[in-house]
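If you want the building blocks of each chain, they are given just below.
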Amino acid sequence: ETGVTQSPTHLIKTRGQQVTLRCSSQSGHNTVSWYQQALGQGPQFIFQYYREEENGRGNFPPRFSGLQFPNYSSELNVNALELDDSALYLCASSLDRDSGYTFGSGTRLTVV
Amino acid sequence: AQSVAQPEDQVNVAEGNPLTVKCTYSVSGNPYLFWYVQYPNRGLQFLLKYITGDNLVKGSYGFEAEFNKSQTSFHLKKPSALVSDSALYFCAVRDQNTGRRALTFGSGTRLQVQP
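Here we summarise the structure given alongside this text. As the structure is a prediction and not an experimental result, all values here were calculated from the model.

Counting residues at the interface gives 28 residues for chain A, matched by 22 residues for chain B. Taken together, both faces of the contact between chain A and chain B bury some 1,900 Å²; the carbon and sulfur share is 46%. At the boundary of chain A with chain B, the tally comes to zero salt bridges. In this structure, the connection of chain A to chain B is made through five residue pairs in polar contact (both at pLDDT 80 or more). Looking at the side of chain A that touches chain B, the elements with two or more residues in it are strand S4 (31–37), strand S5 (44–50), strand S6 (53–57) and strand S9 (87–94) of chain A. Of the residues that constitute the side of chain A that touches chain B, the class distribution is nine nonpolar, 14 polar and five charged.

Residue and element names in this part refer to chain A. By secondary structure assignment, the location of Gln 36 is in strand S4. What makes Gln 36 buried here is its relative accessible area of 11%. Here Tyr 89 takes part through its side chain, which lies 2.9 Å from a polar atom of the side chain of Gln 36. Look past the residues within four positions of Gln 36 in its chain and what remains in contact with it is Gly 42, Pro 43, Gln 44, Ile 46, Phe 60, Phe 64, Asp 84, Asp 85, Ala 87, Leu 88 and Tyr 89.

Side-chain direction in a regular strand flips from residue to residue, so the side chains alternate between the two faces of the sheet. Residues and elements named next belong to chain A. Where burial is concerned, most of S4 is hidden: seven out of the seven residues are buried. The alternating pattern of S4 places Thr 31, Ser 33, Tyr 35 and Gln 37 and Val 32, Trp 34 and Gln 36 on opposite faces, both of which are buried. Both S4 and S5 contribute to a ladder of six bridges, which runs antiparallel. By the bridge assignment, Tyr 35 is partnered in S5 with Phe 45.

All names here are of chain A. Pairing is antiparallel in the open sheet, where four strands are placed in the order S1-S3-S8-S7. Because the sheet does not close on itself, it has two edges, and the strands there are strand S1 (5–7) and strand S7 (64–68). Direction aside, the axes of adjacent strands within the sheet are offset by 15 degrees on average. Where strand S3 (residues 19–24) lies against strand S8 (residues 74–78), five bridges are found, and the strand directions are antiparallel. Its bridge partner lying in S8, Leu 21 is registered against Leu 76.

Looking now at the pattern of salt bridges. Between side chains of opposite charge, pairing is possible as soon as their charged atoms come close. Taken as a whole and assessed by the stated rule, the structure comprises seven salt bridges over all chains. The salt bridge partner of Arg 63 of chain A is Glu 82 of chain A, with a shortest N-O separation of 3.3 Å. Here Glu 82 of chain A lies in the loop between S8 and S9 and Arg 63 of chain A lies in the loop between S6 and S7, a separation of 19 residues in the sequence. Since its relative accessible area comes to 16%, Arg 63 of chain A is described here as buried. A salt bridge links Lys 58 of chain B to Glu 64 of chain B; its shortest N-O distance comes to 2.9 Å. Relative accessible area serves as the criterion here: at 61%, Lys 58 of chain B is assigned to the exposed category. Residue class for Glu 64 of chain B comes out buried when judged on its relative accessible area of 18%. Salt bridges sharing partners connect three or more residues here, namely Arg 63, Glu 82 and Asp 85 of chain A.

Analysis parameters
- Residues numbered from 1 in each chain as written.
- Chains lettered and ligands numbered in written order.
- Predicted model: local features only at pLDDT ≥ 70, side-chain atom pairs only at ≥ 80, totals over all residues.
- Heavy atoms only, no water.
- Contact = heavy atoms within 4.5 Å.
- Buried area = accessible area lost by both parts, 1.4 Å probe.
- Salt bridge = Lys/Arg side-chain N within 4 Å of Asp/Glu carboxyl O.
- Polar contact = N/O pair within 3.5 Å; in protein donor to acceptor, adjacent residues only side chain to side chain.
- Helix = DSSP H or I, 4+ residues; strand = E, 2+ residues; numbered from the N terminus.
- Nonpolar A, V, L, I, M, F, W, Y, C, P; charged D, E, K, R; others polar.
- Buried < 20%, exposed > 50% of the residue type's maximum accessible area, 1.4 Å probe, protein only.
- Pairing = 2+ DSSP bridges.
- Axes fitted to C-alpha atoms, helices over the stretch in contact; angles between N-to-C directions.

Rendered as structure tokens:
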């Protein structure tokens, strides 16, 4: 059984650029969620996808967007990067509502 | 709306002593409750969850948590702390009665176990 894999592990971008982060869900998991964890804070929910459809969104602007593919892998896209977007971005997959959430190790994004 | 409070930024305990990390929550319906641990520069590792049933939940690495509905609490406990337990601990909640599966996390508690 494979876990959740995220790529890249680290990334440095310039303010105003666009970035794409990737996530491979745990085998058989049809739900993926993305979280942003700023330094010294708990993770904040960005959005969730269930069977390729967005199924909930947190308080993040539209420049944060996502995709889930037929194999349940996922992307997080952020446009017009701002300095405050610097954070650890975590992907989590789950099998169903009663299961635990398996988190990846995250992508550390630094915006300069 | 759902929320989680972890009132202690840091908990210090001597190795071999019992530890408690506190968590209180607020949801409109019945809660799903989780504890996760995070080591430096790593993602979150699942420790345990409460869905329904027995109020005392046993998890990984000897940790357990007690669900108290009247006090809306879900404190994490371990009878004997290890130095290797030193890490950042997060409590999280989700409302069972919504289709959204988003977790709301607390701000985290840093556990420091001294040798």
